[in-house]
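Descriptive structure summary
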Amino acid sequence: PDDTKSPQDNATLSLKMPANFTKPITKIQLALASKPSDPQLLYQRGTEFLKNGQPSQAIIDFSAVLKVYPQSVRAIFNRAVAKRQIGDLNGALLDYNIAIQLSPKDNQTYRNRGIVKQMLGNQIGACADWGIASGLGDREASEWIQNECR
C-alpha cells in the first residue's frame, strides 16, 4: 500500500485539543486584559487557537495583528491556514498571494497555496506552486509533484 500522504490529507487533518491548551490561553488572556490590542499577544493567542483547532478565533486575532502590522508575513500566512481550515479557500488563496508578494522565497507558502489551488480544482496551478516550493527546498512538495502531477 502507498503510505505517501497527499496534499489533501494535510489540508484536512483534524487537530486534537491537548489537555494543557487552556494554560497558554489563560496566560495570554490575562496579559490581554491590561493590553487588549497588543499585536504580539494577539498573534500568540491566534497561534494557540490555530494549533488547537479554533481557526475562526485565530482569524480574528491575526486580522487584528494585520491592522497594526499589515505586512506581517507570518500573520498573513497563519490567517491563510486558518481560512483554509474553515473552508474559505478563496480567502486563503488571497492571503497566500499576499504572503508570496512579501516573501517570494518561502517554500511553505508556495506549498500551501498549491494545496488550496488543488482544492479549488486548479491542478496545473497546484503543480506549478509545488514546483517552486520544491525548487526552494521543500521535500514534501517534491513528493507531491511525483505523485500528483503526472
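My aim in this report is to walk through the structure given alongside it, one point at a time. (Residues numbered from 1 in each chain as written. Predicted model: local features only at pLDDT ≥ 70, side-chain atom pairs only at ≥ 80, totals over all residues. Heavy atoms only, no water.)

Counting its regular elements, the protein chain contains nine helices and zero strands. Overall, the protein chain shows an N-to-C arrangement of helices and strands of α-α-α-α-α-α-α-α-α. Within the span of the protein chain, comprising 150 residues, buried residues form 43% of the whole. Summarising the internal contacts of the protein chain: among those between residues at least 6 apart in sequence, 47% fall at separations of at least 24. In the structure as shown, the protein chain presents an accessible area of about 8400 Å², 53% of it carried by carbon and sulfur atoms. (Helix = DSSP H or I, 4+ residues; strand = E, 2+ residues; numbered from the N terminus. Buried < 20%, exposed > 50% of the residue type's maximum accessible area, 1.4 Å probe, protein only. Contact = heavy atoms within 4.5 Å. Areas by Shrake-Rupley, 256 points an atom, 1.4 Å probe, with all protein chains shown as cover.)

It is worth spelling out the nonpolar core at this point. Residues Leu50, Ala58, Tyr96 and Val116 are the most contacted members of the largest nonpolar core, which totals 21 residues. Secondary structure elements with two or more residues in this core: α3 (39-51), α4 (55-68), α5 (73-85) and α6 (89-102). Among the elements that take part in this core, α5 stands out by supplying seven residues, more than any other. Apart from the residues within four sequence positions on either side, Ala58 is in contact with Gly46, Phe49, Leu50 and Ala82. Residues Tyr110, Ile115, Ala126 and Trp130 belong to the second largest nonpolar core, which totals nine residues. (Core = buried A, V, L, I, M, F, W, Y, C linked by side-chain atoms within 4.5 Å.)

For the rest of this paragraph, the subject is the side chain of Arg111. You can see Arg111 is positioned in helix α7 (residues 107-119). When its relative accessible area of 16% is taken as the criterion, Arg111 is described as buried. Polar contacts involving the side chain of Arg111 include one to the side chain of Asp138, which spans 2.8 Å. What Arg111 contacts, discounting residues up to four positions off in sequence, is Trp130, Ala133, Asp138, Glu140, Ala141 and Trp144. (Polar contact = N/O pair within 3.5 Å; in protein donor to acceptor, adjacent residues only side chain to side chain.)

What follows covers the packing of α5 against α7. Running from N to C, α5 and α7 cross one another at 25°; their axes reach a closest spacing of 11 Å. Compared by their axis directions, α5 and α7 come out roughly parallel. Viewed along their axes, α5 and α7 form a crossing whose handedness is left-handed. Contact residues: α5 offers Arg74, Phe77, Val81 and Arg84, while α7 offers Gln108, Thr109, Asn112, Ile115, Val116 and Met119. The class makeup of the residues in the contact of α5 with α7 is five nonpolar, three polar and two charged. (Axes fitted to C-alpha atoms, helices over the stretch in contact; angles between N-to-C directions. Parallel < 35°, antiparallel > 145°, perpendicular 65-115°, else oblique. Left-handed = near helix turned anticlockwise from the far one by under 90°. Nonpolar A, V, L, I, M, F, W, Y, C, P; charged D, E, K, R; others polar.)

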